[in-house]
Amino acid sequence: MTFDVRLRAYEPGTDTVLGLLPETLSWDASVVHNNDGALSLKVSALADGGEFVARTLNDGLDVALEVNLTGEPDGWTEPDNCRFLAVEKSKDPADPAKVQELTLPSWSWLLNKICDLNTGALQGSKSKYAGQRLFPATSDAGDVMKKGLDEHDARSGPAVPIVRSSWTTTTDSLGHSWAKKLGKNAEGRAFPAGQPLHARLDALTTNGKCDWRTRGRGLRIYNPNTAFTNRSATVHLRLGDDLVDAPSKTSQADRVARLLVKGDGKHKVTVKDPTIPEHYGRWEGMIDSAGVKDDDDLEDAGQAELDTRNRIRGEYTRTLTMAGPYLPFRDYQVGDLVTAPGDAGDEVLKVMQITISRDSKGVLGGNVVLGDRFTAKGLATAARVSAITSGSSGVSGNGTTNPIESDTRQAAAPAGFTVTPSLVLGGDKHWSVSVGLSWSAVTTATDGTDLEVSAYRVWGKPDSGNWRELTSTDQLGVTLPGFVVGAGWTFAVSAVPTVARWESAFSTQVAVTLPADTTAPNKPSAPVVASYPAIVSIKWDGLDFAGAAMAADFARVDVLADTVSPPVVVAAQMSRGGYVAVTADPHDTIYVSLIAYDTTGNPSAATTPVSVVVKSVLDDTDLANRLATSPRYYNSDHEPPATPPALSWWRKADGTVWQYISGAWVEQASSLTGTTTAAQVIASLMAAVAATVGDLSADAATIQTLYTQALTASTAVIGLVKADVVEVAGGAVKVNATGFHGYNPSGIEKTTVGTDGTLAADSAKLTKAEVISDDGTYMVRLGGSAVEIGTIPAPSVAFAPTMRVGPTGVSMGPPLYPGPTYPVTVGLNSSGILEIKGLGGIRFVDQDQASMKRDSQTCAQSTWLTVDMDTVPVISGIITDDTAALTDLTGNRLVLTEGVWLIGGGVRASLGTAASTEAVLVATASADPSASNTFIGAATPSASGVHRYDLCTRVVLNSARSVYLRYKCSSATSHTLTEATLWAHRIA
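Residues numbered from 1 in each chain as written. Predicted model: local features only at pLDDT ≥ 70, side-chain atom pairs only at ≥ 80, totals over all residues. Heavy atoms only, no water.

J.: Run through the packing of helix H1 (residues 141-154) against helix H2 (residues 197-206), naming residues and quoting values.
T.: In contact at an axis separation of 11 Å, H1 and H2 are set at 180 degrees when each is read in the N-to-C sense. Overall, the two elements H1 and H2 adopt an arrangement that is roughly antiparallel. Contacts from Ala-141, Val-144, Met-145, Gly-148 and Leu-149 in H1 reach Leu-197, Arg-200, Leu-201 and Leu-204 in H2. Across the contact of H1 with H2, the residue classes tally to seven nonpolar, one polar and one charged. (Axes fitted to C-alpha atoms, helices over the stretch in contact; angles between N-to-C directions. Helix = DSSP H or I, 4+ residues; strand = E, 2+ residues; numbered from the N terminus. Parallel < 35°, antiparallel > 145°, perpendicular 65-115°, else oblique. Contact = heavy atoms within 4.5 Å. Nonpolar A, V, L, I, M, F, W, Y, C, P; charged D, E, K, R; others polar.)

In structure tokens, the structure reads:
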């Protein structure tokens, strides 16, 4: 599967392309969900394009990671979060290779350089948010970020080039309205003065207000969990295919039950987690958020810290094979959910980080970091929780730990707690219980002082289980649906204070047994019964005894039919009104009663039994009369009586069919199933298993097997036709003993398919055909707009064309060349000029390679001779699928455009005496071959005879370059160049 990666350089802060970075010694790039990634690379400034990395930090440099998933030259794309900027570089001045090491964070890092400097928007000294910037509770992430960026743009000097045109204060980058507002209270949400926008964005992300990513130089912000996709059903990363190894790590070392969050001055909150086991007592912890005065921010920071600490989290780093069926950036992005090996087998995990690398050998590698939502939160905030929890990083405050003054009060328990259960009938006609709970507001602590409550937690415990939190709310009541009828539960509620340390104790615990459906359905209406031979028919109209519809939870009616009264045997069941029939012995008395049931299983009272005597066939005079007068069927073995029933049928021994109509037998058409044998049959309808007819004429005939000398029919459906001649109307097609024959309108035979399967045609039109020789080793294919000729080793091998003649010319390849791309194409272009193209090179020679030799070249001792391609015996030109990439082919050089190329050349020289020779491939931006970079070279020790060089290298060109083949000899002794080749093939 195709997957390649490259690095493209840009002018800083723009989309102006500098070119492709040169082949690096090594690099690795990471992309992280809701956080900054990074690119680090080592590259030589001497390499082609090395001037980009040699730029100073003052000059600036942006780099984009591009991936190609198609293998096509235009298949390169830049994934999200893959634009980086150079902020750090190092080098050794004594290093002859001039290796540069660059560190480039992702583009979002620039948000650290934009701060909230609007001091006029800060709250005054009398506000509890003094010195902080307060946003209204109705504000959203788009409003907060846009104000910071707009105010930055309005200040003097050039603005940081963050593009944010995809979102506004009302809609996110997908065009959806903002779903999450800021404040938990009417006052809103406060942020520290001077806070970098990166820290502010982290705070919004950590608190579940938004997700974000970058695209190019643009910042894109989304409603939480909307920009990423659950691909777990389609993307399944497996060991051996997509993954090399699967180490895992789990831990509970950081878990705490209670966490004190210390803010600026006396601001502090306590958050707790009652789900933490207390085998070793209550575990406690504290975090210092010096400079933060907003209690909502402190609570959010504490809750985020608890979520980070208190889950036995799974963090899984998986090494990628880069060759499996699922590839990063194509099949999944950071933030997506996939299925992959976890701690307990395959799990649905979030892609938290993707890392791609290329080592010094050019080998591409990578890994992914996977985890659940708690791991995600930990990875996203571990490096930068300072947005809320650390005042020493971009927020006000000195970062020191102040003495702790904790508000140790506990909220009073809610009073007036009531539980009201009620039965609810669902759409499936089954009952459940809905429980309504209500309580009085808590406004004080246990010591009687005023206290603010932010939420109430509702708890429940089934009779056979433990306490569990059912929901939380900021209201004074809640209704919980879906409880099982008849179950026993105990309920309670607790109050969660806004600032004080301790949640309240439980309210009064209320134990209830939830109601169950014990109401029986109404008795059904009485059944109506009737007697037939050995059968009792029972009818119910579907209503109750009063003629009303059955209740909404009605399930069924049991039909009791028995020889005793009241009946006890359930003979049938009915879910609605209708009929049922039960068998019984003739002359028995059967008693019938109905009982209704609801979906709970409650039975109604039984209807009064109704009885009926079962009839016998002998008792049914009407049936006997119908049997005596019904039409009969007779044949030659069973002659009819003198006066048969009306409309009876009789097939005589001669095969004719008669019907008894109005007291007389009347002959009818042959219409009875069987066998018909006749010299002639004329009928409007014929149906037969087999027919042997000399002459058959019918409007319609349906026959399984037909033996006939002549058939004339408007419609004939025949399973098998056996005839001397079958002729289609008009004489265009005939089938006889010699084969299938086709005729033109003049009656001249044009096509014959013989009984041996061979085809003979006077003239034939073939839109597509394949021709195979007798031994199956040669094939011609005609189809579309081309003729292809190929060779195959055996008839079972798929067609492999070696020559193709079409509108663009003649294309040729060696035997078994795996088309459809051919090594050599000969044809005329749109200007009528003969073109010869070859993937493997083009060489012009005669039979003995002698007649094309022209003037040889000589060079002075140790002087480089640039090989002139016009004056050597063998000429080879450019080899490429993209002829537009060749800007010049002038004499002794190829001029190539930007791209990735395979460049090669070869020299053969004949020396009369011993001498050392050398050949090199060079490239330069000018037309002077001496001012050049050497790609590859080769030399031989001193010797006489023939010296030959074959050179080939892969190179990345960032702009047009002239490529030369150069040669020199160590001796002035006469020598000649007898062959030279220079070629190039663009691969990207």
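J.: Summarise the sheet that holds strand E26 (residues 477-483); cite the residues concerned and give the values.
T.: Spatially, three strands are ordered E22-E23-E26 in an open sheet, and the strand pairing comes out antiparallel. The two strands at the open ends of the sheet, each matched to only one other strand, are strand E22 (418-425) and E26. Pairwise comparison of adjacent strand axes, ignoring direction, gives a mean angle of 20 degrees for this sheet. Of the strand pairs in this sheet, strand E23 (residues 431-438) and E26 are connected by five bridges, and their pairing is antiparallel. Directly across from Val-435, in E26, lies its bridge partner Leu-480. (Pairing = 2+ DSSP bridges.)

J.: Could you give an account of the sheet that holds strand E39 (residues 664-668), naming the residues involved and the relevant values?
T.: Taken in spatial order, the four strands of this open sheet run E36-E37-E38-E39, and their pairing is mixed. If you trace the sheet from one side to the other, it starts and ends with strand E36 (633-634) and E39, each paired once. As paired strands, E36 and strand E37 (residues 649-651) are joined by two bridges and run parallel to one another. Bridge pairing in E37 places Tyr-633 opposite Trp-649.

J.: Lay out the nonpolar core in plain terms, naming residues and giving numbers.
T.: Counting residues in each nonpolar core, the largest one holds 42 residues, and the members touching the most others are Trp-27, Leu-39, Leu-41, Leu-65 and Tyr-332. Counting residues per element, the ones that place at least two in this core are strand E1 (4-10), strand E3 (26-32), strand E4 (38-44), strand E5 (62-68), strand E9 (99-105), strand E19 (337-342), strand E20 (345-358) and strand E21 (364-371). Here this core gets four residues from one element, more than from any other, and that element is E20. In this structure, Leu-39 is in contact with Leu-7, Trp-27, Asp-28, Ala-29, Val-63, Phe-84, Leu-102, Thr-103 and Leu-104, ignoring residues within four places of it in sequence. Ranked by size, the runner-up nonpolar core spans 25 residues in total, among them Val-442, Leu-480, Phe-483 and Ala-495. (Core = buried A, V, L, I, M, F, W, Y, C linked by side-chain atoms within 4.5 Å. Buried < 20%, exposed > 50% of the residue type's maximum accessible area, 1.4 Å probe, protein only.)

J.: Explain the packing of aromatic side chains to me, and be specific about the residues and the numbers.
T.: This model, assessed by the stated rule, comprises nine aromatic pairs. Each ring, one from Trp-459 and one from Phe-506, has its centre 5.5 Å from the other, and the planes form 45 degrees; the classification is tilted. One end of the pair, Trp-459, is in strand E24 (residues 453-462); the other, Phe-506, is in the loop between strand E27 (488-497) and strand E28 (510-513), with 47 residues separating them in the sequence. On the accessibility criterion, Phe-506 (28% relative accessible area) is partly exposed. Ring geometry for Trp-650 against Trp-665: centres 5.3 Å apart, planes inclined by 65 degrees, an arrangement best described as edge-to-face. Of this pair, Trp-650 sits in strand E37 while Trp-665 sits in strand E39, and the two are 15 residues apart along the sequence. Taken together, the aromatic side chains of Phe-483, Trp-489 and Phe-491 make up a single cluster linked through ring pairs. (Phe/Tyr/Trp six-rings, centres within 6.5 Å; stacked < 30°, edge-to-face > 60°.)

J.: Residues and numbers for the pairing of E4, please.
T.: Pairing geometry for E3 and E4, over five bridges, is antiparallel. Across the sheet, the residue bridging to Ser-26 is Lys-42, located in E4. Where E3 folds back onto E4 in an antiparallel hairpin, the turn is made up of five residues, including Asn-34, whose phi is positive at roughly 55 degrees. As paired strands, E4 and E9 are joined by seven bridges and run antiparallel to one another. Within E9, the position partnered with Ala-38 by the bridge is Pro-105.

Worth remembering: the numbers are spatial, not functional.
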